Amino acid sequence: MRTLQNFVLAIVCFCAAGKIFANDIVFLGDEARLELVKKCGTECLGTNLKIGTPVRGASASQVANSAQAARHAIIVVDAATGPLPITREHVLIARQAGVPSLSVMFVNMPLLEVMRDAPELVELEELEVRELMNKYEMGGDTTMVFHDASIRSIPKLYTNGIGLKAVLSKVQSLPARKIIPLEKYSGRSFHAYLYLLTKLESKNVVVLRQGSSIDLWINGQSVRAVVKSSRPLSPGGNDELVFEAQAPINAPLGSRLILELEGKIIAAGVLSRGG
């Protein structure tokens, strides 16, 4: 993944049927986020922030679309279960969608009230999420951590804030995303530098070979593309492959992208050059 740092990220809003999806803040991660956003009410309305979250069971491209123009993403983790595979998936998708920064919110904290080892459990869960963010270069060491409630079994809870109102108060002052002018590409044939996810990182893993047909998301566009390169790429490997898309893509060179299979992300990469 570190090779991806060599490419500059281009930021654009996602448009479809004349509508621009431009959330300021997007809630990702555990599907407990849906209840959290539903309870948002006046606390969200009072911030003048556009709050969004993907639908239940959203595909990788749908998650990317919801985060496409966000200036910050809040990764929701159920404290009773800890980080799940969806946590890893959404952190990586947020990176590929160009979200500048992430924070974490642990929910269902009261469920830990009767647990003797609650302090150690929450500390381990936080450490796991931070390490995950660091793996995908999303600032895990410095990310803010929030909780939906304080509990008696953890008298000295380290937190950047308690409750949704505290979260929104902290993140609403974050700067807007920067738009960097880059050379644009438009066409069907292109090169992309890819990292193919392993079984640990994705529910679906494949070997990409010449003729493989795959769904691609880039800058709000979803297209079907076929691998043209003769050399295969196996899970855990990275390489530059040539693709032919069924429809033209329009994106600046250096734009990040994802490949998905049956709605799950299988690869992360960047548009390296045309032709």
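Bear in mind the structure is a predicted one, so any value in this text is a computation, not a measurement.

Draft legend 1. Broad picture of the overall build of the chain. Looking only at helices and strands, the chain has 6 helices and 13 strands in total. The buried share among the 275 residues of the chain stands at 53%. Of all intrachain contacts in the chain linking residues separated by at least 6 positions in sequence, the fraction that spans at least 24 positions is 75%. Accessible area for the chain stands at about 12700 Å²; split by element, carbon and sulfur atoms hold 53% of it.

Draft legend 2. Broad picture of unusual backbone geometry. Positive phi values are uncommon outside glycine, yet N108 reaches one of about 60°. Checked against the element boundaries, N108 lands in the loop between β6 (102-107) and α5 (118-135). Taking relative accessible area as the criterion, N108 reaches 30% and is therefore assigned partly exposed. The residue E137 is not glycine, and still its phi comes out positive at about 55°. Within the element layout of this structure, E137 appears in the loop between α5 and β7 (145-147).

Draft legend 3. Region of the structure containing the packing of aromatic side chains. All chains considered together, the criterion is met by 1 aromatic pair. Each ring, one from F190 and one from F243, has its centre 5.6 Å from the other, and the planes form 15°; the classification is stacked. One end of the pair, F190, is in strand β8 (residues 184-196); the other, F243, is in strand β11 (residues 238-252), with 53 residues separating them in the sequence.

Draft legend 4. The environment of E125, seen in detail. Looking at the secondary structure, you find E125 in helix α5. For the pair E125 and P83, spaced 42 residues apart in the sequence, the C-alpha separation amounts to 6.8 Å.

Draft legend 5. Layout of the side chain of R88. Mapped onto the elements of the fold, R88 is located in helix α4 (residues 85-96). Although R88 is buried, it makes no salt bridge; E201 carries the closest opposite charge, 4.4 Å away. Other than its neighbours up to four places away in sequence, R88 contacts L132, K135, Y136, L200 and E201.

Draft legend 6. Geometry of the confidence of the model for the chain. Confidence in the prediction for the chain averages 88 pLDDT; 90% of positions are at 70 or higher. Confidence drops under a pLDDT of 50 for residues 1-20, and excluding neighbours within four residues, the segment shows 51 contacts in the predicted structure.

Draft legend 7. Main features of the nonpolar core. Counting 41 residues, the largest nonpolar core has V91, L102, F106, M109 and M133 as the members making the most contacts within it. Of all the secondary structure elements, the ones that give two or more residues to this core are β3 (25-29), α3 (60-67), β5 (72-78), α4, β6, α5 and β13 (264-274). With 5 residues, the top contributor of residues to this core is α5. Counting 23 residues, the second largest nonpolar core, distinct from the first, contains L194, I214, L233 and L259.

Rules and cut-offs
Residues numbered from 1 in each chain as written. Predicted model: local features only at pLDDT ≥ 70, side-chain atom pairs only at ≥ 80, totals over all residues. Heavy atoms only, no water. Helix = DSSP H or I, 4+ residues; strand = E, 2+ residues; numbered from the N terminus. Buried < 20%, exposed > 50% of the residue type's maximum accessible area, 1.4 Å probe, protein only. Contact = heavy atoms within 4.5 Å. Areas by Shrake-Rupley, 256 points an atom, 1.4 Å probe, with all protein chains shown as cover. Phe/Tyr/Trp six-rings, centres within 6.5 Å; stacked < 30°, edge-to-face > 60°. Lys, Arg positive; Asp, Glu negative; His and termini not counted. Salt bridge = Lys/Arg side-chain N within 4 Å of Asp/Glu carboxyl O. pLDDT = per-residue confidence, 0-100. Core = buried A, V, L, I, M, F, W, Y, C linked by side-chain atoms within 4.5 Å.

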